[in-house]
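Chain residues, written in single-letter form:
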Amino acid sequence: MTKGIEGKVVLITGGSTGIGAETARLLAERGAKVAIAARRKDKLDEVVAQIAENGGTARAYALDVTDKSAVQSVVAAIIADFGRLDVLINNAGLMPIRPMAEVNTDEWDQMIDVNLKGTLYGIAAALPGFLEQGSGHIINLSSVAGIKVFAPGGTVYSGTKFAVSAISEGLRHEVGEKVRVTSIEPGAVESDLKFTTSGTAAETVLDFYKQAIPAASVARAIAFAVEQPDDVDVNAIVIRPTAQQF
């Protein structure tokens, strides 16, 4: 299906690799105008070039989602460049796995800033425009760790993802008459996320990710939510490898 995707302007944070990049490629292939944002502009430019080679429309925007004013500026720039914004995909995230007993507060701060505040800043930047135009779609990347605590090691990560799931559901209750809200909750997915773990847990995480599914599988789930008619809101999608028990 392309009818529900074609012509929509979509912003994807964390769009340089993994789920973000695969979602950008797929939605552009189906006719969306894609804006991808991340810190690594060189990686973004590669994705934009690939989309252009396949006849799609995409632009890259350097962005640190922990910078509230920068998120506002990027959303404003996208509206200036494309004339509107229809879909926001809050995809940027970190997953450093470590026992809480190691008390790495720097990693806790990073996860809260990127996974939680970054999602909120995206919502804050896009929501007023969505409400004004009477339509829009906010898609937040949560995790299976947002429906079941990933412990030991992933306790704080789970805390941020539980929060993202809760914010998604609460937002749906508040603005659902005008704005669709979807929480995507993946299990192990092949992406750079697994490399954000360091120290003693790194080997365990890499071993867990041997069962990972391709990022393109999650991109298809996101496209499914986007392509639905305006009166259909896919509230949550849990997607994990068939072999994954957690």
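What counts and what doesn't
- Residues numbered from 1 in each chain as written.
- Predicted model: local features only at pLDDT ≥ 70, side-chain atom pairs only at ≥ 80, totals over all residues.
- Heavy atoms only, no water.
- Helix = DSSP H or I, 4+ residues; strand = E, 2+ residues; numbered from the N terminus.
- Polar contact = N/O pair within 3.5 Å; in protein donor to acceptor, adjacent residues only side chain to side chain.
- Contact = heavy atoms within 4.5 Å.
- Pairing = 2+ DSSP bridges.
- Axes fitted to C-alpha atoms, helices over the stretch in contact; angles between N-to-C directions.
- Phe/Tyr/Trp six-rings, centres within 6.5 Å; stacked < 30°, edge-to-face > 60°.
- Buried < 20%, exposed > 50% of the residue type's maximum accessible area, 1.4 Å probe, protein only.
- Parallel < 35°, antiparallel > 145°, perpendicular 65-115°, else oblique.
- Left-handed = near helix turned anticlockwise from the far one by under 90°.
- Nonpolar A, V, L, I, M, F, W, Y, C, P; charged D, E, K, R; others polar.
- Salt bridge = Lys/Arg side-chain N within 4 Å of Asp/Glu carboxyl O.
- UniProt positions renumbered as here; feature names shortened; annotations may be inferred.
- Right-handed = clockwise from strand over helix to strand, strands pointing away.

Focus: the side chain of Gln 228
Okay, so step 1: Topologically, Gln 228 is positioned in the loop between helix H7 (215–227) and strand S7 (236–239).
Okay, so step 2: Side-chain polar atoms of Gln 228 contact the backbone oxygen of Phe 224, separated by 2.8 Å.
Okay, so step 3: Filtering out sequence-adjacent residues up to four positions away, Gln 228 remains in contact with Arg 180 and Val 234.

Looking at the sheet that holds strand S4 (residues 87–90)
Okay, so step 1: Taken in spatial order, the seven strands make up an open sheet running S3-S2-S1-S4-S5-S6-S7, and their pairing is parallel. Each end of this open sheet is capped by a strand with a single partner; those strands are strand S3 (57–62) and S7. Each strand axis lies, on average, 15 degrees off the axis of its neighbour in the sheet, ignoring direction.
Okay, so step 2: The pairing of strand S1 (residues 9–13) with strand S2 (residues 33–38) spans five bridges and is classified as parallel. Considered in S2, the bridge of Val 10 is made with Val 34.
Okay, so step 3: Strands in contact with helix H3 (residues 68–82) are S1, S2 and S3; relative to S3, the strand with the most contacts, it is inclined by about 150 degrees.

A closer look at the packing of aromatic side chains
Okay, so step 1: What the rule picks out here adds up to one aromatic pair.
Okay, so step 2: Judged by centre distance (5.2 Å) and plane angle (40 degrees), the rings of Phe 150 and Phe 246 are tilted. Separated by 96 residues along the polypeptide, Phe 150 in the loop between strand S5 (137–141) and helix H5 (155–175) and Phe 246 in the segment after S7 bring together distant segments of the chain. The pair formed by Phe 150 and Phe 246 is uniform in burial state, with each residue classed as buried.

Here we look at the side chain of Gln 244
Okay, so step 1: Here Gln 244 lies in the segment after S7.
Okay, so step 2: Classification of Gln 244 as buried rests on a relative accessible area of 5%.
Okay, so step 3: At 2.9 Å, the side chain of Gln 244 forms a polar contact with the backbone nitrogen of Ala 188.
Okay, so step 4: In this view, Gln 244 contacts Val 144, Gly 187, Ala 188, Phe 208 and Gln 211; residues no more than four positions away in its chain are not counted.

Regarding the packing of H3 against helix H4 (residues 105–133)
Okay, so step 1: Packing of H3 against H4 leaves a shortest axis separation of 9 Å and a crossing angle of 40 degrees. Classified by the angle between their axes, H3 and H4 sit oblique to one another. The element H3 and its partner H4 pack so that their crossing is right-handed. On the side of H3, the interface is formed by Lys 68, Val 71, Gln 72 and Val 75, while H4 contributes Tyr 121, Gly 122, Ala 124 and Ala 125.
Okay, so step 2: Partitioning the contact of H3 with H4 into residue classes produces five nonpolar, two polar and one charged.

Some remarks on the pattern of salt bridges
Okay, so step 1: Inspection of the entire model under this criterion finds nine salt bridges.
Okay, so step 2: A salt bridge links Glu 107 to Arg 98; the shortest N-O distance between them is 2.8 Å.
Okay, so step 3: With a relative accessible area of 10%, Glu 107 lands in the buried category.
Okay, so step 4: Between Arg 172 and Glu 169 there is a salt bridge, and its shortest N-O distance comes to 2.8 Å.

Some thoughts on the UniProt feature "domain: Ketoreductase" (unreviewed entry) in the protein chain
Okay, so step 1: Within this structure's numbering, the places UniProt gives as "domain: Ketoreductase" (unreviewed entry) are residues 8–192.
Okay, so step 2: Summarising residues 8–192: 49% helix, 18% strand, and an end-to-end C-alpha distance of 27 Å.

Some details on the pairing of S5
Okay, so step 1: Of all the five residues making up S5, five are buried; the element is thus mostly covered by neighbouring parts of the structure.
Okay, so step 2: Residues of S5 alternate between two faces, with His 137, Ile 139 and Leu 141 on one and Ile 138 and Asn 140 on the opposite face, all of them buried.
Okay, so step 3: Across four bridges, the pairing between S4 and S5 is parallel. Looking across to S5, one finds that Ile 89 is bridged to Ile 139.
Okay, so step 4: Note that the unit made of S4, H4 and S5 has a crossover that is right-handed.
Okay, so step 5: For S5 and strand S6 (residues 180–186), the ladder comprises five bridges, and the chain directions are parallel. Pairing of Leu 141 across the sheet is with Ile 184, part of S6.

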